[in-house]
Amino acid sequence: MRRTLNVIRLQLINRQTFIWVPLIILGSAVVISVLIYAMIPVDTPKYGGGGQAPLWYFFAIGMGAMTYTFPFSQAMSITRRDFFVGTLITAVLGSAFLGIIFLIGGGIETLTDGYGVNGYVFYLPWLWEAGPLGAFTVYFTLALLLFLIGFTGATIYKSWGPTVLTVVGVGLALVLLGLVFLATRLELWLQVWQGIGDLGALGLALWGLVGAAVLSIVSFLAFRRVTP
């Protein structure tokens, strides 16, 4: 546990990565969104996707956690297992921190009537229909899932090189295209959208946690072959 905590401290040495840069991105997205909302001459609620900006940044954090921090950890004689577990815990903590920030932002928007312009960045009805806990789960899952996608991609790159990473990316794209083709050919889109609607944001987030668990297993298996 002490070695794992050392990895967490190692990942958080540069606080800008997990704390200040996401907050700057989020704050900038909110300011820009509110300015745009103020220029829209309608009284109906206005919703935007600017809040997702720091979530995508977690994809870059996942890549950096492998490509930049892992070689340094090996120079400190940290085992691969400790590095992997410590990095995963750091990602969970960072995702939870961002989820809490989103909840605070949603609360501010409800109290201020959308910053006085009826505009919303965090309080999106579909995401909040399951309440604050449901919204937190959605935001937490998105941040963690994007982190793991970046981390897994970087792990595959470090283990087998760009060729294998490219093949994996193309393979996933073909699988997705095949699913779209089947849904179109069999005329299943109505059922697909109904299923998504029935699950709701919280249901999709819970399935996202399943995907995050699968990515963790894949990255851990590939991580054993990584060279600094």
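Residues numbered from 1 in each chain as written. Predicted model: local features only at pLDDT ≥ 70, side-chain atom pairs only at ≥ 80, totals over all residues. Heavy atoms only, no water.

**Examining the packing of helix α2 (residues 15-39) against helix α3 (residues 53-75)**
And then number 1: Axis separation between α2 and α3 bottoms out at 9 Å; the angle between their running directions is 150 degrees. If you check the angle between α2 and α3, you find them roughly antiparallel. The hand of the α2/α3 crossing is right-handed. Contacts from Gln16, Thr17, Phe18, Val21, Pro22, Ile25, Leu26 and Ala29 of α2 reach α3 at Ala53, Pro54, Tyr57, Phe58 and Ile61. (Axes fitted to C-alpha atoms, helices over the stretch in contact; angles between N-to-C directions. Helix = DSSP H or I, 4+ residues; strand = E, 2+ residues; numbered from the N terminus. Parallel < 35°, antiparallel > 145°, perpendicular 65-115°, else oblique. Left-handed = near helix turned anticlockwise from the far one by under 90°. Contact = heavy atoms within 4.5 Å.)

**Details of unusual backbone geometry**
And then number 1: Notably, Asp113 is not glycine yet its phi reads approximately 55 degrees, a positive angle.
And then number 2: Secondary-structure assignment places Asp113 in the loop between α4 (80-111) and α5 (114-118).
And then number 3: A positive phi angle, near 60 degrees, is found at Asn118, a position not held by glycine.
And then number 4: Note on placement: Asn118 falls in helix α5.

**Things to note about the packing of α4 against helix α7 (residues 131-160)**
And then number 1: The contact between α4 and α7 brings their axes to 8 Å, and the two run at 140 degrees. In this view, α4 runs oblique relative to α7, as classed from their interaxial angle. Taken as a pair, α4 and α7 cross one another with a handedness that is right-handed.
And then number 2: Its residues placed into classes, the contact of α4 with α7 shows 20 nonpolar, three polar and no charged. (Nonpolar A, V, L, I, M, F, W, Y, C, P; charged D, E, K, R; others polar.)

**Concerning helix α8 (residues 162-185)**
One turn of an α-helix holds 3.6 residues; hence residues three or four places apart share an orientation.
And then number 1: Across its 24 residues, α8 extends 34 Å between first and last C-alpha, which sits within 8% of the 34 Å expected from 1.5 Å per residue.
And then number 2: Phi turns positive one or two residues past the end of α8, at Glu187, with a value near 55 degrees. (Expected span 1.5 Å × (residues − 1).)

**Quick notes on α4**
And then number 1: With 32 residues, α4 extends 47 Å between its outermost C-alpha atoms, agreeing within 8% with the 46 Å of an ideal straight helix rising 1.5 Å per residue.
And then number 2: Residue Asp113 follows α4 closely and has a positive phi angle near 55 degrees.

**Here we look at the side chain of Thr137**
And then number 1: Tracing the backbone shows Thr137 in helix α7.
And then number 2: Among the polar contacts made by the side chain of Thr137, one reaches the main-chain carbonyl oxygen of Leu133 at a distance of 2.9 Å.
And then number 3: Look past the residues within four positions of Thr137 in its chain and what remains in contact with it is Leu202, Ala205 and Leu206. (Polar contact = N/O pair within 3.5 Å; in protein donor to acceptor, adjacent residues only side chain to side chain.)

**Topic: the environment of Leu5**
And then number 1: The topology assignment puts Leu5 in helix α1 (residues 2-11).
And then number 2: The spacing of Leu5 and Ala143 is 138 residues in sequence and 21 Å in space, taken between C-alpha atoms.

**Some thoughts on the packing of aromatic side chains**
And then number 1: Here the structure, examined in full by the defined rule, presents 15 aromatic pairs.
And then number 2: In textbook terms, an aromatic cluster arises when at least three aromatic residues are bridged by ring pairs, as seen for Phe70, Phe83, Phe84, Phe147, Phe151, Phe220 and Phe223. (Phe/Tyr/Trp six-rings, centres within 6.5 Å; stacked < 30°, edge-to-face > 60°.)

**Some points on a nonpolar patch on the surface**
And then number 1: The grouping of Val175, Leu176, Leu179, Val180, Phe181, Leu182, Leu186, Leu188, Trp189, Val192 and Trp193 at the surface amounts to a nonpolar patch, some 1,100 Å² of accessible area in total.
And then number 2: Only α8 and α9 (189-223) provide two or more residues apiece to the nonpolar patch.
And then number 3: If one sorts the elements of the nonpolar patch by residue count, α8 sits on top with six residues.
And then number 4: Residue position: Phe181 is located in helix α8. (Patch = residues over 30% accessible without salt bridge, like charges linked within 9 Å, V, L, I, M, F, W, Y side chains within 5 Å. Areas by Shrake-Rupley, 256 points an atom, 1.4 Å probe, with all protein chains shown as cover. Salt bridge = Lys/Arg side-chain N within 4 Å of Asp/Glu carboxyl O.)

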